Amino acid sequence: MSAASNKIFPDRVVFHLDMDAFYASVEQLENPALVGKPVIVGGVDSPRGVVSTASYEARVFGIHSAMPVREARRRCPHGVFISGRHEVYGQYSKRIMDILGEYSHIIEQISVDEGFLDMTGSEGLFGSPEQAGQRLKQAIRKRIGLSASVGIAANKFLAKLASDVKKPDGLFVVTPESAQAFLDPLPVERLWGVGKKTVPDLHRQGLYTIQQVRLTPLSNLEAEFGSRFAAHLHGLSHGRDNRDLETDSREKSISHETTFDVDELNPDRLEAVLLDLADRVARRARRDDMAGRTISFVWRDPDFSRHSRSRTLAEPTLNSDTIYSTALALFRELLPASRNPSRKFRLIGVRLSHFEGVGEQLSLFSDPVPKKAGIDRAMDAVRDRFGHDSIQRARLVEGGENAESDKT
Ligand code: TTP
Ligand code: MG
């Protein structure tokens, strides 16, 4: 068996594991009465809340991540709507990642519920890649009680696509021989690094499928997208991706928090402080060239209990305005529609996580860094010389002067 699997993957074997309906599955695990029911997790207490995730029973009604909760309630009035418990999901995430660590020393966690494993040369220990994948899934099922989907391929790009194919509770192997037939019919949206901005450009060129990209002469792609991004598209459309797993102990998050001397309830003042915190996080991210996809608003209630709400963007960012507007939206979901000052906060903070390095990722893209980044960088340069408070955004001058910021 091991010889055969070596023949299947002569160079590298990469697994991508992604938990199924993660938050909703944790809720079902902790409350068996919810098993088999449509469970929707998200900002369910707010008029503007959005769905974080939905159990597969709820997806039958067309409910998905990022859908307004109001719409989800319309589609599935008998659903069970739950506000998220991020600390709990984080604890499950850690236990899952620990199990991944038992299967390979080379693992890369890419979000709360997914990660890559480099399984090259592991046949002696775990059997063929497919057997190893089944064992890993079973270990998570037995020891934690949750189901996961695994994709197996010769690189990260293909493994990540593969884990989606048989979801939920799936396992799918893309061999080097089957890779092209697997990729060809997929839409260009599935190419790593092709986001909302690039899709219309590809469509304008008549490129809708990966096969169409593959069959386009490289020179044509270069004329449209520049040589670097063209080479990127060309390689991926042929199923080539030589990225290594990122296992280094890079920072897992950048966050800034403010504790108030007196619990704060004025939404305007809170938002002014939030702007400053978002700005500090973004500045730190730019300094380290760390673009993150997940933005969290964290807070402590007057009783000291700690909470957070997160949103994951389609593309990584290190832009102050994007980080601020996302954190602001998460904050506003906690307030009544009237914005009457009714809810007190002991602490608020902004966190950026789920990093993809700029050098590796953003600069590949046609319009990689938003134009605002130029302003951000200019402000950073002034602050590097004269200190953070040398530039104050107009909004900030009106509030938040009793606030003290800590980097965590
Ligand atoms: P995903 O892995 O994208 O989704 P999922 O695990 O719920 O479902 P699937 O079976 O399709 O993998 O995201 C993992 C968790 O991250 C998800 O359970 C909730 C959270 N999340 C958000 O909070 N907002 C979002 O927009 C998305 C996509 C996920
Ligand atoms: Mg998942």
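That block above? That's the structure.
Residues numbered from 1 in each chain as written. Chains lettered and ligands numbered in written order. Predicted model: local features only at pLDDT ≥ 70, side-chain atom pairs only at ≥ 80, totals over all residues. Heavy atoms only, no water.

**Here's the deal with the environment of Ala230**
So, point 1. Tracing the chain through its elements places Ala230 in helix α13 (residues 227-237).
So, point 2. Given a relative accessible area of 0%, Ala230 falls into the buried group.
So, point 3. Here the alpha-carbon distance between Ala230 and Pro217, two residues 13 residues apart in the chain, equals 9.9 Å.
So, point 4. For Ala230, the contacting residues outside a window of four places in its chain are Leu218, Leu221, Glu222 and Phe225. (Helix = DSSP H or I, 4+ residues; strand = E, 2+ residues; numbered from the N terminus. Buried < 20%, exposed > 50% of the residue type's maximum accessible area, 1.4 Å probe, protein only. Contact = heavy atoms within 4.5 Å.)

**What about the packing of aromatic side chains?**
So, point 1. For the coordinates displayed, the defined rule picks out 10 aromatic pairs.
So, point 2. Here the aromatic rings of Tyr23 and Tyr89 are separated by 4.1 Å at their centres, their planes lie at 15°, and the arrangement is stacked. On the criterion of sequence distance, the pair formed by Tyr23 in helix α2 (residues 22-30) and Tyr89 in helix α5 (residues 86-103) is long-range, its members being 66 residues apart.
So, point 3. Look at Tyr23 and you get buried, because its relative accessible area is 15%.
So, point 4. Measuring from ring centre to ring centre gives 5.6 Å for Phe297 and Trp299, while their planes differ by 20°; the resulting arrangement is stacked. There is no split in this pair, since Phe297 and Trp299 are both buried.
So, point 5. In textbook terms, an aromatic cluster arises when at least three aromatic residues are bridged by ring pairs, as seen for Phe297, Trp299, Phe331 and Phe345.
So, point 6. The lysine or arginine in question, Arg243, covers the ring of Trp192, its NZ or CZ lying 3.6 Å from the ring centre. (Phe/Tyr/Trp six-rings, centres within 6.5 Å; stacked < 30°, edge-to-face > 60°. Lys NZ or Arg CZ within 6 Å of the ring centre and 35° of its normal.)

**Some remarks on the site of ligand 1**
So, point 1. Taken together, 13 residues are adjacent to ligand 1, and Ala21, Thr53, Tyr56, Arg59 and Asp113 come closest.
So, point 2. Within the contact set of ligand 1, an oxygen atom lies 3.1 Å away from a backbone nitrogen or oxygen of Met19.
So, point 3. At 2.8 Å, a backbone N or O of Ala21 approaches an oxygen atom of ligand 1.
So, point 4. Bound to the protein, ligand 1 loses 79% of the 560 Å² it would expose on its own.
So, point 5. If you list the elements that add at least two residues to the shell around ligand 1, you get β1 (14-19), α2, β3 (51-54) and α3 (56-59).
So, point 6. Tallied by class, residues from the shell around ligand 1 come to five nonpolar, three polar and five charged. (Near = heavy atom within 4 Å. Polar contact = N/O pair within 3.5 Å; in protein donor to acceptor, adjacent residues only side chain to side chain. Areas by Shrake-Rupley, 256 points an atom, 1.4 Å probe, with all protein chains shown as cover. Nonpolar A, V, L, I, M, F, W, Y, C, P; charged D, E, K, R; others polar.)

**Here we look at the environment of Gln212**
So, point 1. Looking at where Gln212 falls in the secondary structure, it is placed in helix α11 (residues 210-214).
So, point 2. Each residue touching Gln212, except ones within four places of it in the same chain, is listed here: Gly206 and Leu207.
So, point 3. From its side chain, Gln212 meets the backbone nitrogen of Thr209 in a polar contact 3.0 Å long.

**With respect to the nonpolar core**
So, point 1. Counting 35 residues, the largest nonpolar core has Phe15, Leu17, Phe22, Leu136 and Ile140 as the members making the most contacts within it.
So, point 2. Elements represented by at least two residues in this core include exactly β1, α2, β2 (39-42), α5, α7 (129-143) and β7 (148-153).
So, point 3. When residues of this core are assigned to their parent elements, the largest contribution, eight residues, is made by α5.
So, point 4. Those residues in contact with Phe22 that lie beyond four places of it in its chain are Tyr89, Tyr92, Ser93, Ile96, Val112, Asp113 and Leu146.
So, point 5. Grouped together as the second largest cluster of nonpolar side chains are 31 residues, Leu275, Ala291, Phe331 and Val350 included. (Core = buried A, V, L, I, M, F, W, Y, C linked by side-chain atoms within 4.5 Å.)

**Observations concerning the pairing of strand β5 (residues 107-111)**
So, point 1. Bridging between β5 and strand β6 (residues 114-118) involves four bridges; their strand directions are antiparallel. Bridge pairing links Ser111 to Glu114 in β6.
So, point 2. Between β5 and β6, which pair antiparallel one after the other, the connecting turn spans two residues. (Pairing = 2+ DSSP bridges.)

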